2 protein chains.
Amino acid sequence: MQFHHHGYVSEEPRLQPAAGVGLNRPEELPDEVDVLIVGSGPAGMIAAAQLAQFPNITTRIVERRPGRLVIGQADGIQARSVETFQAFGFAERIIAEAYRITEMAFWKPDPADPSKIVRAAVTQDDPSGVSEFPHLIVNQARVLDYFAEVAANSPTRGKPDYGYEFVSLEVADEGEYPVTVRLMHTAGEHEGQERIVRAKYVLGADGARSKVRDSIGCTPIGDKSNHAWGVMDVLAVTDFPDIRTKCSIQSEAGNILLIPREGGYLFRMYVDLGEVPIDDAGAVRNTPIEEIIRHANEIIHPYTLEVKNVAWHSVYEVGHRVTDRFDDVVDAASGRTPRVFIAGDACHTHSAKAGQGMNVSMQDGWNLSWKLGHVLEGRSPESLLSTYSPERQVVAQNLIDFDREWSTLMAKKPEEFEHPSDLEDFYVRTAEFPAGFMTEYAPSMLTAEATHQELATGFPIGKRFKSAQVVRRGDANPVHLGHHATADGRWRIYVFADAARPAEASATADFAEWLANSPASPVAATPEGADRDAWFDVKVIYQQGHSEVEFADVPEIFKPLVGPFQLMDYEKVYAVDPEHDIFDERGIDRAGAVIVVRPDGYVSNVLPLTATEELAAFFRPILRASVPATA
Amino acid sequence: MQFHHHGYVSEEPRLQPAAGVGLNRPEELPDEVDVLIVGSGPAGMIAAAQLAQFPNITTRIVERRPGRLVIGQADGIQARSVETFQAFGFAERIIAEAYRITEMAFWKPDPADPSKIVRAAVTQDDPSGVSEFPHLIVNQARVLDYFAEVAANSPTRGKPDYGYEFVSLEVADEGEYPVTVRLMHTAGEHEGQERIVRAKYVLGADGARSKVRDSIGCTPIGDKSNHAWGVMDVLAVTDFPDIRTKCSIQSEAGNILLIPREGGYLFRMYVDLGEVPIDDAGAVRNTPIEEIIRHANEIIHPYTLEVKNVAWHSVYEVGHRVTDRFDDVVDAASGRTPRVFIAGDACHTHSAKAGQGMNVSMQDGWNLSWKLGHVLEGRSPESLLSTYSPERQVVAQNLIDFDREWSTLMAKKPEEFEHPSDLEDFYVRTAEFPAGFMTEYAPSMLTAEATHQELATGFPIGKRFKSAQVVRRGDANPVHLGHHATADGRWRIYVFADAARPAEASATADFAEWLANSPASPVAATPEGADRDAWFDVKVIYQQGHSEVEFADVPEIFKPLVGPFQLMDYEKVYAVDPEHDIFDERGIDRAGAVIVVRPDGYVSNVLPLTATEELAAFFRPILRASVPATA
């Protein structure tokens, strides 16, 4: 965590100095905004938290509810999401309060007496170490609280506007604020009254029944299954031995997915309510909680469950739907760039049982929000926004396909499996997907072809930058390189040095010189008057141990002077950790490599140290030729 | 972190439900309190945070300042203190914002040109792994903020009363509130007016010029050195290479101790101002900051330091003083138990440069506060309070002795050393002391003789319980056993099982049966109506792997039913982590052992599983024979 460089900070260092529109932020929703976000769920809140980092962008997030979410809904947190929380600065706090999944147990009918269940298998949750972060369970309400805190602590002092429902929108062909949004007050003295807000861009993060989606003519495509599940968050006394372990329980009476929850006592059960008759007309949704508990007791026989307190419960039917596009551009060939976007459940709905929804939604929101920030600030052309829909639509389709397979397996009767271990085998085989690491963006203006992938085999282009341990030179601290990538909207350029010592002439030194001083360097686009690292966070990782690296020998680009006092930033120079050589662990060529990482943490390009023209060419379409200064 | 067992918690789980005196806490300082703490520094604030956990005890903390501490003062945080923060629930947050010391560099005159300094040696800060927690630097103001948050989040909703100065006190021989304290308003509409508060107990944590100390007739004994140091927290531009590393810099022009600070830019320098003439009469304290900066530049030649911003600075002369007693009992043989205590700088003053003051002060405050809680709640007799002064006075004396040696070395001229490496050798040789782990309480009513020490050589009686890794059975999580010891005022009994499997008859099962059901068991003292584990947190660690431990086989005492719903606590049953077998790492006899740990984390006793009578005899003088119920 870096602070004090604008002067001494006595209180909470997570509170950034107010700046730009945060200096005099109107309490009331203004008539004109840069970005209007509809819905304060995970997709909307992460987008708000990211956009709040751009001092001169007015972002407002409207929410139908009169206040914060209290209970219920999603609770599964992939390791990829915890990486994301690290970027937003609250990973360690949410880890401390969450439940951590390390194993999954599979209970099945006892072959000797199929009326009873027995523990048939236990699998590890992340046997291959796909991330250094854990797989967590914590209520969505807390995730939203943390994002709200990030937004409130940001330079723009972002805060949700509760009590506004989205009614409709219209997009004009021109004008500074081309999107006209009609809202309705849902609470307070103006309840029932309409309100018009004009926006440059609108994000519909308004859930499975999204009206923003409807207003831009997107149709969710897919099926509604005829299988119903009851879900309950309960405090209970039970003799079921694995009540604090994630379990799949398959019995003759049906199936349960058991998810232990944060705090050591609460747990969630998804209880199979079986096939729903075609003429049910939603009647299954009225299944009383007593019936769900009774059925749970049947399934876990010979064990019993005495529910003492029901924190939340619901009944739902599994459906799998995804929209074909995530923005308002019907004809991609028209060259029009989008003004309205949808994210999260507005785009993709599926079963809750793979713990995916909140996670994919957050990546939707993050993917879009930094792009909106860059376009609105004038860093990038509007064409950047056209990358959102294709990137995220593919991810959503993969999610739907995965979840359809997983939820079908979960609903199967034990005797329907070809092999008894099919369920756990699927779980183990596909572990990387639900952990959130299978996203691999296809080549585009943001994702280079894998021409030089062999220079860094551990950083696949299009996938998220997988952190590894290094030693920070300045303070000799063993740190995770990726944990210093905060959600500040900056591009990151990691320069993995060649084998030369820092003091020697080298390809690394030549590349650093070009990056710092060439008019063709992307860093040259940084506005006059801004800190040298305002747009590009450039770091170097030497192959030597930290005691062999002296700051005097390190090129200037890796030790920029920042803030009003122009103090040196000592946290961009790294050396290998001898016990975890990052060059070995990430397959980096000893001749060095340049890794370009997007503001949302995905690898955009891998290049040799000599490929300055390729790097310049990569950034040319991303950066606007003439860049206005930011305040 | 355990919560939800009193019903679903939607918001911050670190906020405990209000109870007892916290249900209707008066905003104004009341006329009568159980404990009055004078001074909101580290000793006072930890005591307030600990006492705030006892629902029926009224604790108030008065502070002369009108509000929180803003800047300056202590910044060194030993690993022992971070362990303490873990117990109070904020370790991960303060680690995230602090500077972490991993190395110390020693700069000395270049033998080839003694007018210039060169890096002569670099030593690791904790080569032996004395703690799993890091050694940190963070401003005292933030430490106090976190303790204030703990107190505010506690059942009693504790909060400092700012704007009251201590004037004097008198202790009567009888009465429910025998200590009469005169205070003076230092701010607000009553400024200058006196205020009388009556208390059962008073803690003077009012600093080096403690008036509470004076009022009980304690005299600080020791010397005032004639060596002065300037200290400054600054933002600066420099070419000194190790500006982000802790450094001792010895040059012909004098000495500097450099302490990098949190946030990546700020650092503290202790700059040697040399011998002070006997007739100086405090004139050295008026040394201007420009003079300190100029002198720092001379010392670091050939490097330079351009100070851009001074956050704080001060000048002090090193003194070493300790009081002979820490309470108001002049004649220990009288049998009188104390009513007034002093802690922290009120008892011990010394140089700031070993980074000890805040740490020892916090352990003073913690040592006393749980004892006050137990006596006031009626768990323990008043004689418990007589253990405070002898336990902490020895620690203070050791601290003074250590610091005198270290600060003398730090002030020596390079040519005065017998061996050039004397300074760094001393630093490495004595590392465990400044890390906070040399405290070893002598036998007393709280500390048993080391009769059975060989059963657990890694848990020395009298020293702090050193955590190690285990696997928690309930959720198969690898965890640190010691990290689950929260500052809740409970005794802890760790039962390291013998080699038998949980389902078999065993010494462990017999011990558990005795502990749960014998009238002689300390657990039998727990009041009627309170949760089974309200006074004693009893945990078991099996020698088997977690998959070999089934809850059905575990004795009841290790899985108590708690809270209004009487839910099972699944977080007291542990198994070995096969990669870190705690029995091996802590030298525990395979026949098992019982480790008794005080509420402030020190090992009180080590016993065989069969020594039930010894355990009963140990607790007999600590627990009151007839125990009133707590609400």
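Residues numbered from 1 in each chain as written. Chains lettered and ligands numbered in written order. Predicted model: local features only at pLDDT ≥ 70, side-chain atom pairs only at ≥ 80, totals over all residues. Heavy atoms only, no water.

### Notes on the packing of aromatic side chains
Here comes step 1: On inspection of all chains with the given rule, the structure shows 58 aromatic pairs over all chains.
Here comes step 2: Taking the centre distance of 5.8 Å and the plane angle of 90 degrees together, the rings of W107(A) and Y303(A) count as edge-to-face. Taken as a pair, W107(A) in strand β5 (residues 103-110) and Y303(A) in the loop between α6 (289-299) and β16 (305-323) lie far apart in primary sequence, 196 residues in all.
Here comes step 3: Relative to Y570(B), the ring of F551(B) has its centre 4.9 Å away and its plane inclined at 80 degrees; by these criteria the two rings are edge-to-face. Here F551(B) is found in the loop between β22 (536-542) and β23 (561-562), whereas its partner Y570(B) is found in the loop between β24 (567-568) and β25 (573-576), with 19 residues between them in sequence. Across the pair, exposure class does not vary: F551(B) and Y570(B) are buried alike.
Here comes step 4: Over the ring of F417(A) we find K412(A); its NZ or CZ atom is 5.1 Å from the centre of that ring. (Phe/Tyr/Trp six-rings, centres within 6.5 Å; stacked < 30°, edge-to-face > 60°. Helix = DSSP H or I, 4+ residues; strand = E, 2+ residues; numbered from the N terminus. Buried < 20%, exposed > 50% of the residue type's maximum accessible area, 1.4 Å probe, protein only. Lys NZ or Arg CZ within 6 Å of the ring centre and 35° of its normal.)

### What about the interface of chain A and chain B?
Here comes step 1: At the interface, 64 residues of chain A touch 64 residues of chain B.
Here comes step 2: Roughly 5,200 Å² is buried in total at the junction of chain A and chain B, and carbon and sulfur atoms are behind 54% of that figure.
Here comes step 3: Of all residues in chain A, Y8(A), Y265(A) and Y570(A) give up the largest surface area on contact with chain B, accounting jointly for 14% of the area buried on that side.
Here comes step 4: At the junction of chain A and chain B, the tally comes to eight salt bridges.
Here comes step 5: Two residues, R14(A) and E97(B), come together in a salt bridge whose shortest N-O distance is 2.9 Å. (Contact = heavy atoms within 4.5 Å. Buried area = accessible area lost by both parts, 1.4 Å probe. Salt bridge = Lys/Arg side-chain N within 4 Å of Asp/Glu carboxyl O.)

### Observations regarding the relation of the copies chain A and chain B
Here comes step 1: For the pair chain A and chain B, the superposition axis carries a translation of 0.0 Å, the fit reaches an RMSD of 0.0 Å, and the rotation angle comes to 180 degrees. When the rotation and shift are considered jointly, the pair of chain copies conforms to a two-fold rotation axis.
Here comes step 2: Interface overlap between copies is the fraction of interface residues in one copy that are interface residues in the other; for chain A against chain B it reaches 100%, indicating a shared surface. (Least-squares fit on C-alpha atoms with pLDDT ≥ 70 in both.)

### Quick look at the environment of V130(A)
All names here are of chain A.
Here comes step 1: When you line up the elements, V130 lands in the loop between β6 (113-124) and β7 (135-137).
Here comes step 2: A residue is classified by how much of its surface remains accessible, and V130, at 11% relative accessible area, is buried.
Here comes step 3: Note: C-alpha distance between V130 and F437 (307 residues apart in sequence) is 7.9 Å.
Here comes step 4: Look past the residues within four positions of V130 in its chain and what remains in contact with it is E432, A435, F437, R464 and K466.

### A look at the packing of helix α1 (residues 42-51) of chain A against helix α4 (residues 140-153) of chain A
Residue and element names in this part refer to chain A.
Here comes step 1: Put simply, α1 and α4 touch, their axes get as near as 8 Å, and they point 20 degrees apart. Classified by the angle between their axes, α1 and α4 sit roughly parallel to one another. As for the relative orientation of α1 and α4, their crossing is left-handed in sense. Where α1 abuts α4, its residues P42, M45, I46, A48 and A49 lie against Q140, L144, F147, A148, V150 and A151.
Here comes step 2: Here the residues of the contact of α1 with α4 sort into 10 nonpolar, one polar and no charged. (Axes fitted to C-alpha atoms, helices over the stretch in contact; angles between N-to-C directions. Parallel < 35°, antiparallel > 145°, perpendicular 65-115°, else oblique. Left-handed = near helix turned anticlockwise from the far one by under 90°. Nonpolar A, V, L, I, M, F, W, Y, C, P; charged D, E, K, R; others polar.)

### Examining the side chain of R492(B)
Here comes step 1: The topology assignment puts R492(B) in strand β21 (residues 491-496).
Here comes step 2: In this structure, R492(B) is in contact with H484(B), A485(B), T486(B), D537(B), K539(B), I595(B), V596(B) and V597(B), ignoring residues within four places of it in sequence.

### Remarks on helix α2 (residues 79-88) of chain B
Residues and elements named next belong to chain B.
Here comes step 1: Among the 10 residues of α2, 10 are classified as buried, and the element is accordingly described as predominantly covered.
Here comes step 2: When we look at burial in α2, the residues that qualify are A79, R80, S81, V82, E83, T84, F85, Q86, A87 and F88.
Here comes step 3: Its buried side turned inward, α2 meets α1 (42-51), β3 (76-77), α3 (91-97), β7 (135-137), α4 (140-153) and α7 (357-377).

### Side note on a negative patch on the surface
Residue and element names in this part refer to chain A.
Here comes step 1: Together, E252, E275, E415 and E416 line one region of the surface with negative charge.
Here comes step 2: Tracing the sequence through the fold places E275 in strand β15 (residues 267-275).
Here comes step 3: Judged by relative accessible area, which is 53%, E275 ranks as exposed. (Patch = residues over 30% accessible without salt bridge, like charges linked within 9 Å, V, L, I, M, F, W, Y side chains within 5 Å. Areas by Shrake-Rupley, 256 points an atom, 1.4 Å probe, with all protein chains shown as cover. Lys, Arg positive; Asp, Glu negative; His and termini not counted. Charge placed at Lys NZ, Arg CZ, Asp CG, Glu CD.)

### Some points on the confidence of the model for chain A
Residues and elements named next belong to chain A.
Here comes step 1: Residue-level pLDDT values for chain A average 94, and 99% of them are 70 or greater.
Here comes step 2: Every residue in residues 627-631 is under pLDDT 50, and counting partners more than four places away or in other chains gives 11 contacts.
Here comes step 3: In the predicted complex, the global pTM is 0.95; the interface-specific ipTM is 0.93. (pLDDT = per-residue confidence, 0-100.)

### Side note on the state of the cysteines
All names here are of chain A.
Here comes step 1: This structure, assessed with the given rule, holds zero disulfides over all chains.
Here comes step 2: No disulfide involves C347; its sulfur sits 7.6 Å from the nearest other cysteine sulfur, which is in C218.
Here comes step 3: The class of C347 is buried, set by a relative accessible area of 2%. (Disulfide = S-S within 2.5 Å.)

### Re the pairing of β5(A)
Residues and elements named next belong to chain A.
Here comes step 1: Taken across its eight residues, β5 has eight buried, putting it largely inside the fold.
Here comes step 2: Hairpin connection, β5 to β6: the antiparallel pair is bridged by two residues.
Here comes step 3: Here β5 pairs with strand β13 (residues 246-251) via four bridges, running parallel. Each bridged residue has a counterpart across the sheet, and for W107 the counterpart in β13 is I249. (Pairing = 2+ DSSP bridges.)

### Describing the pairing of strand β21 (residues 491-496) of chain A
Residue and element names in this part refer to chain A.
Here comes step 1: Within β21, six of the six residues are buried, leaving the element largely enclosed by the surrounding structure.
Here comes step 2: Side chains of β21 alternate between two faces, with W491, I493 and V495 and R492, Y494 and F496 buried alike.
Here comes step 3: Examined bridge by bridge, β21 and strand β22 (residues 536-541) share six bridges and lie parallel to one another. Looking at the pairing, R492 lines up with D537 of β22.

### What about the nonpolar core?
Here comes step 1: Ranked by internal contacts, the top residues of the largest apolar core, which has 137 residues, are M232(A), M269(A) and F147(B).
Here comes step 2: Dropping the residues within four chain positions of it, M232(A) is found in contact with F267(A), R268(A), M269(A), V271(A), I289(A), I292(A), I293(A), A296(A), L305(A), W312(A) and H313(A).
Here comes step 3: Of all hydrophobic cores here, the second largest spans 136 residues; its members include I46(A), L51(A), L69(A) and V202(A). (Core = buried A, V, L, I, M, F, W, Y, C linked by side-chain atoms within 4.5 Å.)

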